[in-house]
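What follows is the residue order along each chain.
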Amino acid sequence: MSAPAPRVCVYRDIHDVAPDEWDRLVPAEEIQMSHRFVRVCQESEVERAAYRHVLVYDRAGLCAIASLAAMPVRLDLLAPRSARVPIRLVRRVRGSFLIVPVLFCGLPVSFGRPCLRLRPDADRRRTLGALCDVMDDVGRELGARVLCFKEFAPDETAALADLESLGYFRAPSLASCGLRIRWTSYEAYLESMRAGYRRQLLHARARTDAQGVRFRTVTGRAAGDLRIFHLYEQVMDHAEFQLERLNPQFFQGLAESFGSACRVILAERGGEAVAAAILLRSGSRLAFLLAGIDYAFNRASGAYVSLVGEVVAEAIREGVDYLELGQTSYALKTRLGAEEIPRDLYLKGRGAGLHRMLRAGAPLLFPAHPPTPRRVFRDQTTLTRRSPVPASHP
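All values derive from a computational prediction rather than experimental measurement. (Residues numbered from 1 in each chain as written. Predicted model: local features only at pLDDT ≥ 70, side-chain atom pairs only at ≥ 80, totals over all residues. Heavy atoms only, no water.)

### Observations regarding the overall build of the protein
At step 1: Looking only at helices and strands, one finds 14 helices and 15 strands in the protein.
At step 2: Counting all 394 residues of the protein, 56% fall into the buried class.
At step 3: A separation of at least 24 residues holds for 76% of the contacts in the protein among residues at least 6 apart in sequence.
At step 4: When the accessible surface of the protein is summed, it comes to about 17000 Å², and 52% of that surface belongs to carbon and sulfur atoms. (Helix = DSSP H or I, 4+ residues; strand = E, 2+ residues; numbered from the N terminus. Buried < 20%, exposed > 50% of the residue type's maximum accessible area, 1.4 Å probe, protein only. Contact = heavy atoms within 4.5 Å. Areas by Shrake-Rupley, 256 points an atom, 1.4 Å probe, with all protein chains shown as cover.)

The following block contains the structure:
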């Protein structure tokens, strides 16, 4: 006798989902999938995304959770600069060219983490099939032309292989950087680096110190300070890739909801913040979520390089096992020893014609980025920039 079809519950508002029920499938290391984090995203109305929160049940109980978010997206977001020039020219005549409503299985924030979790013993194909049915229904309801499961590391991608037989195709997203913390002090970290890389970091710090910049770590309440938000806005004004633009409400929500799990590293000169990093602790991991930079001052001081160095120092002080460093500034972060971990998307166009066009254009719209080998540490034989992140199955 075959098992009954999974039972699916869909909610428009995360407040309608019991936190204990949602978090049953969320391990301590995945705070960015927690009920609290989803609530911050929805309450802050980032990009005015429309949400659906999905819980799937089998005979053994809850077997999957997922948050869906619909918003307009430029499909050329990940395309190289050379490809964006002709696209911009077309947009002068047709402003909406390649800007389409997309329904994500994932949150409307770019921190390189998914918002999908399966119970380890769940029937993956049946469970994913139920989620795909919900994606189809919600996509039709909200007018989304593209459906997208985002952002999965290699071990997570392996668990989602059935999506390809359920009508989706896989494409590369921006990779995420991460650093395994194996040092007991920042001095030991510096000592373990090969001389050229250590010299670059020390030179940047000397420039920053010479400009009178001092660093301090404060509680997450500072994340809600509008001065930090305005520094973040400068980063977004210079960002090559921009899926969303966060608002002050998101920063305030982080500050209010996460307490001691949230930290802010401030770079200050004469009592004024010139750079900031917002960090979030989850179990044995620390995530570098957001940065803010006074770009005019950064050109003279190299404050951003020293800020990321301070993020590494904070991870060592916190005693975590792993530091997530985000999806940008690869050249800098890999020079500090970070590894680049691939992230994948699963995409489907609603309608056979759009799906064929999307798949045919995938190499241009979602290009793969070849790895750049580095040997940052003296005891390291090779570092290819792309290596597995600690296991965290969806």
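### Some thoughts on the pattern of salt bridges
At step 1: Across all of its chains, the model carries 27 salt bridges by this definition.
At step 2: Between Arg24 and Glu21 there is a salt bridge, and its shortest N-O distance comes to 2.6 Å.
At step 3: Residue Glu310 is joined to Arg317 by a salt bridge in which the shortest nitrogen-to-oxygen separation is 3.7 Å. (Salt bridge = Lys/Arg side-chain N within 4 Å of Asp/Glu carboxyl O.)

### Looking at the sheet that holds strand β13 (residues 322-326)
Sheet strands line up and pair through hydrogen bonds in the backbone, either parallel or antiparallel.
At step 1: Reading across from one edge, β9-β10-β11-β12-β13-β8-β14 is the order of the seven strands in this open sheet, with mixed pairing throughout. Lying at the two open borders of the sheet, with one neighbouring strand each, are β9 (213-219) and β14 (339-341). With strand direction ignored, the average angle separating the axes of adjacent strands in the sheet is 25°.
At step 2: Here four bridges tie strand β8 (residues 176-180) to β13, and the two strands are oriented antiparallel to one another. Note on β13: the bridge partner recorded for Leu179 is Leu323.
At step 3: This element, helix α8 (residues 226-238), spans β10 (262-269), β11 (272-282) and β12 (285-293) of the sheet and lies at about 80° to β12. (Pairing = 2+ DSSP bridges. Axes fitted to C-alpha atoms, helices over the stretch in contact; angles between N-to-C directions.)

### Looking at the environment of Gly143
At step 1: Within the element layout of this structure, Gly143 appears in the loop between α4 (124-142) and β6 (146-152).
At step 2: As for Gly143 and Arg350, which are separated by 207 residues in sequence, their C-alpha atoms are 9.6 Å apart.

### Topic: the packing of aromatic side chains
At step 1: Overall, the coordinates contain 14 aromatic pairs when judged by the stated rule.
At step 2: Their ring planes at 35° and their centres at 6.0 Å tell us that Phe229 and Tyr232 sit as a pair that is tilted. With Phe229 and Tyr232 both in helix α8, this residue pair falls three residues apart, about one helical turn.
At step 3: Take Tyr232: its relative accessible area is 3%, and that puts it in the buried class.
At step 4: Relative to Phe251, the ring of Phe229 has its centre 5.5 Å away and its plane inclined at 80°; by these criteria the two rings are edge-to-face. Of this pair, Phe229 sits in helix α8 while Phe251 sits in helix α9 (residues 248-258), and the two are 22 residues apart along the sequence.
At step 5: Taking the relative accessible area as the measure of exposure, Phe229 reaches 6% and is therefore buried.
At step 6: By relative accessible area, which is 1% here, Phe251 ends up buried.
At step 7: Following the ring pairs from residue to residue traces out a cluster consisting of Phe37, Phe111, Phe229, Tyr232, Phe250, Phe251 and Phe258.
At step 8: A cation over an aromatic ring shows up here: Arg7 above the ring of Tyr57, its NZ or CZ 4.3 Å from the ring centre.
At step 9: The aromatic ring of Phe377 is capped on one face by Arg182, whose charged end is 5.0 Å from the ring centroid. (Phe/Tyr/Trp six-rings, centres within 6.5 Å; stacked < 30°, edge-to-face > 60°. Lys NZ or Arg CZ within 6 Å of the ring centre and 35° of its normal.)

### Describing α4
Owing to its 3.6 residues per turn, the α-helix aligns residues three or four sequence positions apart on the same side.
At step 1: Its 19 residues place the ends of α4 26 Å apart at the C-alpha level, agreeing with the 27 Å of an ideal helix rising 1.5 Å per residue.
At step 2: When α4 is considered as a whole, its buried residues turn out to be Thr127, Leu128, Gly129, Ala130, Leu131, Cys132, Val134, Met135, Asp136, Val138 and Gly139.
At step 3: One side-chain oxygen of the residue at the start of α4 lies 3.3 Å from the amide nitrogen of Arg125, identifying that residue as Asp123.
At step 4: Two residues or fewer after α4 comes Gly143, characterised by a positive phi angle close to 75°. (Expected span 1.5 Å × (residues − 1). Polar contact = N/O pair within 3.5 Å; in protein donor to acceptor, adjacent residues only side chain to side chain.)

### So, α9
At step 1: Turning to α9, its buried residues are Phe250, Phe251, Gly253, Leu254, Ala255, Ser257 and Phe258.
At step 2: The elements touched by buried residues of α9 are α2 (35-44), α8, β10, β11 and β12.
At step 3: Residue Gly259 follows α9 closely and has a positive phi angle near 50°.

### Considerations on the nonpolar core
At step 1: Formed by 66 residues in total, the largest nonpolar core has its most connected members in Phe37, Phe250 and Leu290.
At step 2: Counting 43 residues, the second largest nonpolar core, distinct from the first, contains Leu179, Ala313, Val320 and Ala338. (Core = buried A, V, L, I, M, F, W, Y, C linked by side-chain atoms within 4.5 Å.)

### Here we look at the confidence of the model for the protein
At step 1: Residues at a pLDDT of 70 or more form 89% of the protein, whose mean pLDDT is 88.
At step 2: Ignoring residues within four places in sequence, the model shows residues 381-393, a span with pLDDT below 50, making 51 contacts including any to other chains. (pLDDT = per-residue confidence, 0-100.)

### Quick word on the packing of α2 against α9
At step 1: Close contact between α2 and α9 brings their axes to 9 Å; oriented N to C, the two are set at 150°. Classified by the angle their axes make, α2 and α9 are roughly antiparallel. The two elements α2 and α9 cross, and the hand of that crossing is right-handed. Contacts from Arg36, Phe37, Arg39, Val40, Cys41 and Ser44 of α2 reach α9 at Gln249, Phe250, Gly253, Leu254, Ser257 and Phe258.
At step 2: A class-by-class count of the residues in the contact of α2 with α9 yields six nonpolar, four polar and two charged. (Parallel < 35°, antiparallel > 145°, perpendicular 65-115°, else oblique. Left-handed = near helix turned anticlockwise from the far one by under 90°. Nonpolar A, V, L, I, M, F, W, Y, C, P; charged D, E, K, R; others polar.)

### Structural notes on unusual backbone geometry
At step 1: Cis geometry is found at the peptide bond from Lys150 to Glu151, where omega equals -25°.
At step 2: You will see that Arg48, though not glycine, has its phi angle at about 50°, which is positive.
At step 3: Within the fold, Arg48 resides in the loop between α2 and β2 (50-58).

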